[in-house]
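Commentary on secondary and tertiary structure
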Amino acid sequence: MRVIVESTPNEVARHAARIVADLVRRKPKCVLGLATGSTPLGMYAELIRMHREEGLDFSKVVTFNLDEYVGLEPAHPQSYRYFMDEHFFRHINIDPRHTHVPDGRALDFDAHCQQYEKLIRDCGGIDLQVLGIGRDGHIAFNEPGSSLGSRTRLKTLTAETVRDNARFFGSEEAVPRLAITMGVGTILESRQCLLLACGSSKARAVRDTVEGPITAQVTASALQLHRDVICILDEQAAAMLARRDYYREVEALQSRLEAARRARAEG
Ligand code: PGA
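If you're wondering where the values come from, they're calculated on a predicted model, not measured in any experiment.

1. Describing the sheet that holds strand 5 (residues 99-100)
Across the sheet, seven strands lie side by side as 1-10-9-6-2-3-5; this open sheet has parallel pairing. Bordering the open sheet on either side are strand 1 (2-6) and strand 5, each of which pairs with just one other strand. Packed on one face of the sheet, helix 4 (residues 109-122) meets strand 3 (62-65) and strand 5 and runs near 150° to strand 3.

Spelled out as structure tokens, the structure:
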């Protein structure tokens, strides 16, 4: 796992956007896995700026979102479809038909979840999966105890997640108890994962994910099994990592290697 510590959430957003933009330029038909929540908002804002000011072209990009609440209409202001449209899709030149979010109103959830997995496969698999992390270490809505081999399915939200998300709904009672979520196994099949975390409330989950044992009690820890994960953290989210100095040293050496490679390529 590559661990990058930036000084502020703004720097985290810019670094993450650079990684996504590099992929979109390198592979215009790439498949992005996207996340909702407060954490990736800055990254979306920066990608929108790059689209407007630098002509970053999303016309061929395909996206799959991680999850959706059960029971919410796409037009519901708290639905993840609405979130993505409002904060990202309607500001860039992506083809709306290329954007996929699980349907929280599906009648046959099993069939819908299997179809979602099939669609991901038919599109060639996810090139880069963006992830936030819950305070309990969940990725997508894979709550503690989720199978590390799980696929897209219905999941019951924990009381902690319902409490955390009540801020968007006005009250805990209004938060749906069920969601459709990609499974941990689905996420692990992405070619690359980009885990973002900011703020001290995430410090324990980040420590458990990066330096703890692999356990279904912290589903993000399954990312230790993936061969290409980049974790971008702000100082507060990184505060409990025991090996912070080592990660910094690795990144400093990595930058020197990349600079040398660039200089050689430029002759
Ligand atoms: P947040 O949510 O980005 O709003 O903190 C992350 C998550 O619960 O996965």
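2. As for the packing of helix 1 (residues 9-26) against helix 2 (residues 41-54)
Contact geometry of helix 1 with helix 2 gives a least axis separation of 8 Å together with a crossing angle of 50°. In terms of their interaxial angle, helix 1 and helix 2 are classed as oblique. Between helix 1 and helix 2 lies a crossing of right-handed hand. On the side of helix 1, the interface is formed by Ala13, Arg14, Ala16, Ala17, Arg18, Val20, Ala21 and Arg25, while helix 2 contributes Gly42, Met43, Glu46, Leu47, Met50 and Glu54.

3. Here we look at the pairing of strand 10 (residues 229-234)
Along strand 10, six of the six residues are buried, which leaves the element largely enclosed by surrounding structure. A two-sided burial pattern is seen for strand 10, the buried positions comprising Val229, Cys231 and Leu233 on one face and Ile230, Ile232 and Asp234 on the other. For strand 9 (residues 192-197) and strand 10, the ladder comprises five bridges, and the chain directions are parallel. Considered in strand 10, the bridge of Leu194 is made with Ile230. Between strand 9 and its parallel partner strand 10, the chain crosses via helix 7 (residues 203-211), and the hand of that crossover is right-handed.

What counts, and at which threshold
Residues numbered from 1 in each chain as written. Predicted model: local features only at pLDDT ≥ 70, side-chain atom pairs only at ≥ 80, totals over all residues. Heavy atoms only, no water. Pairing = 2+ DSSP bridges. Helix = DSSP H or I, 4+ residues; strand = E, 2+ residues; numbered from the N terminus. Contact = heavy atoms within 4.5 Å. Axes fitted to C-alpha atoms, helices over the stretch in contact; angles between N-to-C directions. Parallel < 35°, antiparallel > 145°, perpendicular 65-115°, else oblique. Left-handed = near helix turned anticlockwise from the far one by under 90°. Buried < 20%, exposed > 50% of the residue type's maximum accessible area, 1.4 Å probe, protein only. Right-handed = clockwise from strand over helix to strand, strands pointing away.

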